[in-house]
Amino acid sequence: MNNQTDLIEIAKQTLIKNDLGGYTVPTHGLYPFQWNWDSAITALGWMKFDEARAWQELELLFSGQWDNGMIPHVLFHKESDTYFPGPDVWGSDKKVKSTSISQPPVLASVMKIMFDSCQDRALVDQKMAEFMPKLVEYHLWWYRERDPEQTGLVVSYHPWESGMDNSPAWDDALAAVPPVTWQYTRCDTTHINASERPHKEEYDRFLYLVEFFKNHNFDSNYIYQHCPYKVNDIGIIAILHKATKDLIELCKLANYAHPELQTLVDNVKLTESSINTLWYAEEQYFYSRNALTDTLCKVKTNAGLLTLYAGLVSPSQAAVLKPLAKSWATASTYSMASTHPKSDKYEPQRYWRGPIWLHINWMIAEGFADYDDIELADMLKNDAKHLIEKTGYYEYFHADSGAGCGGGAFSWTAAIALYWLLDNPAVTK
Ligand code: DGY
């Protein structure tokens, strides 16, 4: 077991070693590029010991923004042969090569935290002037392109967009996507034990969707009408909602006026008025929905609990979610398993089908604290702390044994430790 000072130092060194010159890879080998939500979370860690570097992380992320406002899920700044599928498969045609989907937009919430905590106020002013127009465009993109019929619930076109790639919530929707029939070689299972990664059947369909976007020239209207995978992802919806509220607040704090700010305010209201269509009364839980079949994805995954983080839960719903979350948190040795341990889909070591992810623990703990359940928030935080003390900075953790899974020396786990878990006052450079 490492002591607190060692853990802080190891976390900082993890970020420094994963720095490829302004952006941080999640881990070397397995993920050798800049990932969208990884980078945002990682900036929270940099903030604790190098504020300028934290803002630079975002600068590199914004550098890959598309003209339509989208910030892609992966930016291929430099070539690497340790990852598949790379830019050629995605058919990237932008200045910064990238994928053609996005990822959970936690960025504005992170920027709000950075704005509030940054000690170098001159740097904040400079970065706000630079980034705020881009950040607003990113959010407008989500609502314009992913909710063109103004339902209040954006859609996602790929499980990778959810960040929760092989969540059992996607099983039925993904099964309807045709598999690719060409041969390919995965790289992930050369780095990581296959028992901790998605199955080939899922990859065949992940790749079909990647080609579908490319074959249709990334045409938003066409994809909205014809994509064979279209899901109202409760995780994205919740993270977007919280981030849009943070962005509106940030605009006020930073004294930034955007002509379309009211559109964001309107979309916040719209989501609030439609979120209950994802509440399944019979099981008293929020689920994602397969928008193509209009059926809820009824597997209890931790994404449903992000509604608390988003402030989308009514008092009576919170009263039901609290005891559910308590029994969920104690059904595995450590909390919070990404799939409910009593579900027949639960696999405690396989990527998004059961293991614990510390950045999600952080969001869920924030949500429970906001709804006055400090005990549950503390349980999630203490378990997360035990996991890093016992195992170190892995990508995710086996919910029963606590073993580290996926990539090691992982940026967002180290960043969450620096930001949330370790008693670690900020130091300015
Ligand atoms: C992967 O390659 O496993 C990533 O999660 C895709 O974003």
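Just above, that's the structure.
In this text, all values refer to a predicted model and were calculated from it rather than measured experimentally.

A.B. asks: Just give me the short version of helix H6 (residues 121-146), but keep the residues and values in it.
C.D. replies: Here H6 is 26 residues long and its end C-alpha atoms lie 35 Å apart, about the 38 Å a rise of 1.5 Å per residue gives. In H6, a bend of some 40° at Phe131 exceeds every other bend along the element, and Pro133, a proline, comes one to four places later.

A.B. asks: I'd like a description of the layout of surface pockets, backed by residues and values.
C.D. replies: As a volume, the largest pocket reaches approximately 180 Å³. Surrounding the largest pocket, Arg146, Asp147, Glu149, Thr151, Leu153, Val155, Tyr224, Lys230, Asn232, Arg289, Ala291 and Asp294 form its lining. Residues that form the lining of the largest pocket fall into these classes: four nonpolar, two polar and six charged.

A.B. asks: Mind laying out the packing of aromatic side chains, listing which residues take part and the relevant values?
C.D. replies: What the rule picks out here adds up to 36 aromatic pairs. Where Trp160 meets Tyr203, the ring centres are 5.9 Å apart and the plane angle is 70°; that geometry is what we call edge-to-face. Taken together, the residues span a long stretch of sequence, with Trp160 in helix H7 (residues 159-162) and Tyr203 in helix H10 (residues 200-215) at a distance of 43 residues. Accessibility classification places Trp160 together with Tyr203 in one group, the buried group. Taking the centre distance of 6.2 Å and the plane angle of 35° together, the rings of Phe212 and Tyr222 count as tilted. Remark: Tyr222 occurs in helix H11 (residues 220-226) and Phe212 occurs in helix H10; sequence separation between them is 10 residues. Of the residues examined, Phe212 reaches a relative accessible area of 8% and is grouped as buried. The exposure class assigned to Tyr222 is partly exposed, which follows from its relative accessible area of 31%. Connected via pairs of aromatic rings, a cluster forms that spans Tyr31, Phe33, Trp35, Trp37, Phe76, Tyr83, Tyr351, Trp352, Trp357, Tyr396, Phe410 and Trp412. The residue whose ring lies beneath Lys242 is Tyr309, and the NZ or CZ to ring-centre distance is 5.5 Å.

Rules and cut-offs
Sequence order as written defines residue numbering, which begins from 1 separately in each chain. pLDDT decides what is reported in this predicted model: residues at 70 or higher carry local features, side-chain atom pairs at 80 or more are listed and counted, and totals for whole chains, interfaces and linings draw on all residues regardless. Working from all heavy atoms in the structure, the side-chain values ignore hydrogens and water. Comment: elements are numbered from the N terminus, with helices defined as DSSP H or I runs of at least four residues and strands as E runs of at least two. To estimate how far a helix should reach, multiply one less than its number of residues by 1.5 Å. The bend reported for a residue corresponds to the angle between axes fitted to the seven residues ending at that residue and the seven starting there. For each structure, a 1 Å grid was placed over the protein atoms alone; sets of points admitting a 1.4 Å probe that cannot get out are labelled cavities, open sets with protein on both sides within 12 Å along at least five of seven lines are labelled pockets, and lining residues have an atom within 4 Å of a point. Grid points are joined across faces, edges and corners, and a volume is the space filled by probe spheres set on the points. Here the term charged refers only to Asp, Glu, Lys and Arg, the term nonpolar to Ala, Val, Leu, Ile, Met, Phe, Trp, Tyr, Cys and Pro, and the term polar to all other amino acids, Gly among them. By convention, a stacked pair of Phe, Tyr or Trp rings (six-membered ring in the case of Trp) has centres within 6.5 Å and planes under 30 degrees apart, an edge-to-face pair has planes over 60 apart, and any other such pair is tilted. Three exposure classes are used, based on accessible area relative to the maximum for each residue type with a 1.4 Å probe and protein chains only: buried under 20%, partly exposed in between, and exposed over 50%. The rule for a charge over a ring is simple: NZ of Lys or CZ of Arg within 6 Å of the ring centre, and within 35 degrees of the ring normal.

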